[in-house]
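Residue-level structure breakdown
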Amino acid sequence: QSEAASEQAFANIWLHNNHLKIDGSKISKSLGNGYTLQDIIDKGFSPMDLRMFVLQGQFTTEGNFTFENLQAAKNRRDNWLAYAVLRHQTHDSLSDDDRKNDDNTYPSLQAAVGAIREALFDNLNTPEALRLVDEAFAQLDHQPLSAIHRHGLVELLNAIDELLGLQLLTS
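Now for a look at the structure at hand. Counting from 1, residues in each chain are numbered in the order their sequence is written. Selection of residues for local features in this predicted model requires a pLDDT of at least 70, selection of side-chain atom pairs for listing and counting requires 80 or more, and totals for whole chains, interfaces and linings are taken over all residues. To get the side-chain values, all heavy atoms of the structure are used, and hydrogens and water are removed first.

Remarks on the environment of Gly44
Looking at the secondary structure, you find Gly44 in the loop between α2 (37-42) and α3 (47-55). Burial here depends on accessible area, computed with a 1.4 Å probe over protein chains only, as a share of the maximum for the residue type. Under 20% is buried, over 50% is exposed, and the range in between is partly exposed. In this structure Gly44 comes out as partly exposed when scored by relative accessible area, which is 48%. Along the chain, Gly44 and Lys74 lie 30 residues apart, while their C-alpha atoms are 10.0 Å from each other. Helix numbering and strand numbering both begin at the N terminus, where a helix is a DSSP run of H or I of at least 4 residues and a strand a DSSP run of E of at least 2.

Some remarks on the sheet that holds strand β2 (residues 25-26)
In short, DSSP must find at least two bridges between two strands for them to pair. Spatial strand order, β2-β1-β3: 3 strands in an open sheet with mixed pairing. With one partner strand each, in any of the chains shown, β2 and β3 (63-65) form the two edges of the open sheet. Relative to β3, strand β1 (residues 20-22) runs parallel, the two sharing 3 bridges. Within the sheet, the bridge partner assigned to Lys21 lies in β3 and is Asn64.

So, the nonpolar core
Membership of the largest hydrophobic core comes to 37 residues, with the highest contact counts inside it found for Trp80, Phe137, Leu156 and Ile160. Elements with a minimum of two residues in this core: α3, α4 (67-85), α6 (110-121), α7 (126-138) and α8 (150-164). Note on contacts: a residue pair is in contact if any heavy atoms of the two residues lie within 4.5 Å. Among residues more than four places away in sequence, those in contact with Leu156 are Leu109, Ala112, Val113, Ile116, Ala136 and Phe137. Nonpolar cores are built from buried Ala, Val, Leu, Ile, Met, Phe, Trp, Tyr and Cys residues. Side-chain atoms within 4.5 Å join them into one set.

Have a look at this one:
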């Protein structure tokens, strides 16, 4: 209808997603149970926290918005932001770059980028993509900073921002 009225392409891809409920109920103006983005910001959450919340569910399944679920999404994003900050604390040198790429004792973050893309190519499986990011970041736990391949971390963060739009590199 929009294209017929405006004679302009409205979208190249159309995706129908399942419903989002609030506290298990249909969102309804008459029930007054909807929230605006400003309501969410006023409660201390960011638009990126809401984005993380939406990405945690498969678009084909019904979602349930609660502030507890939004807090869990915020916690996950905050955790990822803590990993993103590591890029400022690590450095690669020419002598150890190849060793970090080829040695299995170093976390392989670059491999995660391909796996995340594959998950998204599989019917836009965002929950799986997020699980893969969690798994990639978990490789960094208990690692000395010298074992973290900075270039691989930055590539992973760039891919997350490009594919999921979570703005991790703005931290």
